[in-house]
Amino acid sequence: LAALRRNLARVRAIVGPEVAVYGVVKADAYGHGATAVGRALAPLCDALAVSLVEEGLELRAAGITAPIVVLSGYYDRHHSEVLEEGLTPVVYDAGDLERFAAAPVRRRGRSGRGPVTEVHLKIETGMNRLGIAPAELPAVLAQAAALPRLKIAGLCTHFGSADAVDEGATREQVALFARCLDVARSHGVQPRVIHAANSAAAVRFPEARFGAVRPGLALYGAMPSPHVACPGLEPVLSLRTRIMAVRDVPVGGAVSYGGAWRANRASRIATLPIGYADGYPRHVRGAEVLLRGRRVPVVGAVCMDMMMVDVTDLPGVAFGDTVTVLGSDGAERILLDELAERAGTVGYEILCGLSKRVPRIYK
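Residues numbered from 1 in each chain as written. Predicted model: local features only at pLDDT ≥ 70, side-chain atom pairs only at ≥ 80, totals over all residues. Heavy atoms only, no water.

Visitor: Would you mind showing me how to read the overall build of the chain here?
Guide: Scanning the chain from terminus to terminus reveals 11 helices and 18 strands. Across the chain, the fraction of contacts at a sequence separation of at least 24, relative to all contacts at a separation of at least 6, is 65%. For the chain, the exposed surface amounts to about 16400 Å²; the carbon and sulfur share of it is 53%. Of the side chains in the chain, 42 bear a positive and 36 a negative charge, and the two mean positions are spaced by 4 Å. (Helix = DSSP H or I, 4+ residues; strand = E, 2+ residues; numbered from the N terminus. Contact = heavy atoms within 4.5 Å. Areas by Shrake-Rupley, 256 points an atom, 1.4 Å probe, with all protein chains shown as cover. Lys, Arg positive; Asp, Glu negative; His and termini not counted. Charge placed at Lys NZ, Arg CZ, Asp CG, Glu CD.)

Visitor: Got a minute to help me understand the side chain of His 32 in this structure?
Guide: Along the chain, His 32 turns up in the loop between α2 (26–30) and α3 (34–41). Only 3.0 Å separates the side chain of His 32 from the backbone oxygen of Tyr 30, close enough to count as a polar contact. Ignoring anything within four residues of it in the chain, the contact list for His 32 reads Val 37, Tyr 220, Val 236, Leu 237, Leu 351, Arg 360 and Tyr 362. (Polar contact = N/O pair within 3.5 Å; in protein donor to acceptor, adjacent residues only side chain to side chain.)

Visitor: What am I meant to see in the packing of helix α6 (residues 94–102) against helix α7 (residues 137–145) here?
Guide: Put simply, α6 and α7 touch, their axes get as near as 10 Å, and they point 5° apart. Looking at the two axes, α6 sits roughly parallel to α7. Across the interface between the two elements, Ala 94, Leu 97 and Glu 98 from α6 touch Val 140, Gln 143 and Ala 144 from α7. When its residues are assigned to classes, the contact of α6 with α7 shows four nonpolar, one polar and one charged. (Axes fitted to C-alpha atoms, helices over the stretch in contact; angles between N-to-C directions. Parallel < 35°, antiparallel > 145°, perpendicular 65-115°, else oblique. Nonpolar A, V, L, I, M, F, W, Y, C, P; charged D, E, K, R; others polar.)

Visitor: Please explain the sheet that holds strand β1 (residues 20–24) as it appears in this structure.
Guide: As a general point, the strands of a sheet are linked pairwise by backbone hydrogen bonds and lie either parallel or antiparallel. Strand order in the closed barrel formed by eight strands is β1-β2-β3-β4-β5-β6-β7-β8, with parallel pairing between adjacent strands. Where strand β7 (residues 193–197) and strand β8 (residues 212–213) come together, two bridges link them in parallel fashion. Bridge pairing links Ala 197 to Val 213 in β8. (Pairing = 2+ DSSP bridges.)

Visitor: I keep staring at helix α4 (residues 53–61) and nothing clicks. Help me out?
Guide: In an α-helix, one turn spans 3.6 residues; hence positions three or four apart end up facing the same way. Considered for burial, the residues of α4 that qualify are Val 53, Glu 55, Gly 56, Leu 59 and Arg 60. End-on, the buried residues of α4 take up no more than an arc of 160°, which puts them together on one face. Facing away from the buried side of α4 by more than 90 degrees, the exposed set consists of Glu 54 and Ala 61. Backbone geometry just downstream of α4 places Gly 63 in the positive-phi region, at approximately 90°. (Buried < 20%, exposed > 50% of the residue type's maximum accessible area, 1.4 Å probe, protein only. Arc of directions from axis to C-beta.)

Visitor: Would you explain the pattern of salt bridges in this entry?
Guide: Any two side chains of opposite charge can pair, on the condition that their charged atoms come close. On inspection of all chains with the given rule, the structure shows 21 salt bridges. The salt bridge partner of Arg 12 is Asp 46, with a shortest N-O separation of 2.9 Å. Placement of the pair is Arg 12 in helix α1 (residues 2–15) and Asp 46 in the loop between α3 and β2 (47–50), with a sequence separation of 34 residues. Note on Asp 46: relative accessible area 38%, which makes it partly exposed. Taking the shortest distance from any N to any O, the salt bridge between Arg 99 and Asp 93 comes out at 3.3 Å. Residue classification places Arg 99 among the partly exposed positions, given a relative accessible area of 41%. Look at Asp 93 and you get partly exposed, because its relative accessible area is 35%. (Salt bridge = Lys/Arg side-chain N within 4 Å of Asp/Glu carboxyl O.)

Visitor: What should I look at first to understand the pairing of strand β9 (residues 239–242) in this one?
Guide: Judged by which residues are buried, β9 turns out to be one-sided: Leu 239 and Thr 241 face inward and are buried, whereas Arg 240 and Arg 242, on the alternate face, are not. As judged from the four bridges shared by β9 and strand β17 (residues 322–329), these two strands associate in the antiparallel manner. Across the sheet, residue Arg 240 finds its bridge partner in β17, namely Thr 324.

Visitor: Please clarify how the pairing of strand β16 (residues 307–310) should be interpreted in this entry.
Guide: Strand residues, when the strand is regular, have side chains that alternate between the two faces of the sheet. Burial along β16 is two-sided: Met 307 and Val 309 facing one way and Met 308 and Asp 310 facing the other are all buried. Across two bridges, the pairing between strand β15 (residues 294–299) and β16 is antiparallel. Along β16, the bridge assignment pairs Val 299 with Met 308.

Visitor: What exactly am I supposed to notice about the nonpolar core here?
Guide: Among soluble globular proteins, nonpolar side chains are generally buried collectively. Counting 116 residues, the largest nonpolar core has Val 25, Leu 41, Leu 48, Leu 121 and Tyr 280 as its most contacted members. Each residue touching Val 25, except ones within four places of it in the same chain, is listed here: Ala 34, Val 37, Leu 41, Leu 48, Ala 49, Val 50, Leu 59 and Tyr 220. Membership of the second largest hydrophobic core comes to seven residues, among which are Val 249, Ala 263, Ile 269 and Met 308. (Core = buried A, V, L, I, M, F, W, Y, C linked by side-chain atoms within 4.5 Å.)

Visitor: I'm lost on the side chain of His 120 in this one. Help?
Guide: Along the polypeptide, His 120 turns up in strand β5 (residues 117–122). Given the relative accessible area of 4%, His 120 is considered buried. In this view, His 120 contacts Tyr 22, Val 69, Thr 88, Pro 89, Val 90, Val 91, Ala 153, Gly 154, Val 193 and His 195; residues no more than four positions away in its chain are not counted.

Visitor: Quick question: what am I supposed to make of the environment of Glu 207 here?
Guide: Its place among the elements puts Glu 207 in the loop between α9 (199–204) and β8. Taking relative accessible area as the criterion, Glu 207 reaches 35% and is therefore assigned partly exposed. In the structure, Glu 207 is positioned 126 residues away from Arg 333 in sequence and 35 Å away in space, judged by C-alpha atoms. With near-sequence residues (within four places) excluded, Glu 207 lies in contact with Arg 171 and Val 174. At 2.3 Å, the side chain of Glu 207 forms a polar contact with the side chain of Arg 171.

Visitor: Explain α3 to me, please; I cannot follow it from the model alone.
Guide: Every buried residue belonging to α3 is among Ala 34, Val 37, Gly 38, Ala 40 and Leu 41, and all of these are buried. Axial view of α3: buried residues confined to an arc of 165°, hence all on one face. Turning to α3, the residues buried within the fold contact α1, α2, β2 and α4.

As far as function goes, none of this settles anything; it's purely spatial.
Spelled out as structure tokens, the structure:
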């Protein structure tokens, strides 16, 4: 948790004191545990950000009273509950403006501001995922202005290529968003906050910071691509397990399902109680783990609940020895980007895939 706080401080130092920081804790805080992370970040962030209403409700149930912005919730028929719990909805469908304005609110949530319902309006600027199209924006703003109980308190968008080599797409999105902001102001909308930048954009594009940024991966100590540099970030999470069995495998002996790996020498194989049901990727190639400060290779197919490593060259390995899957052991480190590359995926997927059955220990 100390590393988490230092990463937040690093982001604040980059964006400057005038820019608010919305700490993104969606997807169970990227696998780190939303409740514990939310409690650590809430006193230090201007708001927390989640993807789903359910994620916001989980934080409220844990006693977190900080402002919570719901970035991409599907609200269905639960507009009143969203407002009653003091969640700030991001609206990307014009129909939700009417529904939030008409929603009966029996009690005001922790961030309630009286009888007026405040929402953030999302504008589509090039990702073609969620948001009001620029051509439709004037009509939607007029619709919102006709709803006396509704106030557009925030305007936002999302960047699809902020971590790409080519900066052109993001700069086009920033320019289009700026034009949309001018349209909104010409219709009398004076938002309290404007936000667009994810971790990559917050670091890489100063013009995209506006009034607030939404760092996610950076808080947890990583960046989405090698094209985005943020020196000083610290991995927040280490993933460790212990050896549950060690066995001798003769030359030609098969290991794991399908027998795809066979010993080309008399080998010692250790079994670890972690598998793809815990979030370790099944399709790794050439992956390693750390044992007694040294790297040892993963062999055979990763199972649902177990995986095997070759410890032949490491004498004295025994039941109960600690194995580092992600993190440091002595001078050696296995970072998130390495494991993601071995699995042919991105770091986001590795972290978000860590299942609920993996115990989290907070220090």
